[in-house]
Amino acid sequence: MSEDVPFAVRRGDLINRAIAIFSADTRFPAGWLEGSLADGSADSYSDIDLHLSVIESAWDEVWNGRRGVIEQVAPILASLDIMGVFGVGCLMAGPVKLDVFFEREGGLASRPRIAVKRLWGAAEIYERFKIGDDLGDPAIKFALESNVLGLLQGATWPVRILARGQIETFLFGEILLVETALVPLMLLETDRRAFHRNMFTRAKLLPAGRRDECARLVDRIETSVRNGDRAATRDVHIELFQKLCHLARAAFARYGLEFPPRVESEMVEFYKREWPI
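Summarised in this report is the structure supplied together with it. (Residues numbered from 1 in each chain as written. Predicted model: local features only at pLDDT ≥ 70, side-chain atom pairs only at ≥ 80, totals over all residues. Heavy atoms only, no water.)

**Observations concerning the environment of Glu168**
Looking at the secondary structure, you find Glu168 in helix H8 (residues 167-188). For the pair Glu168 and Val225, spaced 57 residues apart in the sequence, the C-alpha separation amounts to 8.4 Å. (Helix = DSSP H or I, 4+ residues; strand = E, 2+ residues; numbered from the N terminus.)

**Focus: the pairing of strand S2 (residues 48-54)**
In terms of burial, S2 is largely enclosed, as seven of its seven residues are buried. The two faces of S2 match: Ile48, Leu50, Leu52 and Val54 on one face and Asp49, His51 and Ser53 on the other face are all buried. Bridge count between strand S1 (residues 30-34) and S2: five bridges; the pairing is antiparallel. Paired with Gly31 across the strands is Leu52, a residue of S2. The pairing of S2 with strand S5 (residues 96-104) spans seven bridges and is classified as parallel. If you follow Asp49 over to S5, its bridge partner there is Asp99. (Buried < 20%, exposed > 50% of the residue type's maximum accessible area, 1.4 Å probe, protein only. Pairing = 2+ DSSP bridges.)

**A few points about the sheet that holds S5**
Spatial ordering of the open sheet is given by S3-S4-S5-S2-S1-S7, a layout of six strands whose pairing is mixed. Each edge of the open sheet carries a strand with a single partner, namely strand S3 (76-82) and strand S7 (117-120). Strand-to-strand twist across the sheet, computed as the mean angle between neighbouring axes with direction ignored, equals 25°. Strands S1, S2, strand S4 (87-92), S5 and S7 of the sheet are contacted by helix H1 (residues 6-22), whose axis makes an angle of about 5° with S2. (Axes fitted to C-alpha atoms, helices over the stretch in contact; angles between N-to-C directions. Contact = heavy atoms within 4.5 Å.)

By themselves these figures say nothing about function.
Have a look at this one:
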């Protein structure tokens, strides 16, 4: 990770400003990073996941004035509250991508954490954290099943899209299928957190051979569309679909799930029979 890249320089400067400002504010007894900057998977373009511990007596004041709190560090260009947590996703002046999560001091032990990079705060605060790299089988099974079955139930989409003449949409969908389905299934072979990692960093975590395999598939998809070769688009999609089914079937077996027994054969026959040529 090069710290000379302008994006990384701005990111480092913002983190340093946040430390200087918030560590001097008694409402925030601790602050730390999570995400890729904490678990070692970051690169020069990774964003910031900043967590702030908030004392109970200041909670309402801080949360109600959360954007003002954040803008002590830098102006916010655009922001949106993050659903399901006390957090704000921000694009900061620079630009810098910053997500800020506010956590009640009394609730720091309430959830597991993958990795933490301490910025400030007493050691006893961090001793409360439940830190561990493993998510547990139930969380992995849920993510695996949801992603794969969601993909399979919509598997007629390439034929429908091409039949409507939406070539660019087909190309987008095929590349997205590689990035959001094939890549995490490949990564799950060696990384139990595959479906819980940032989708923009998963591919670079694959072994070199797997990355090359994905790159070759994407190149064939792009070439078939560029050449207007519908038979080639069909053939590469069938290959992609069968790779997905092979990987998913093996993953389902590892986690005690039942892979739909007829879906692969029937969908391949459908593609061969009804692909718009």
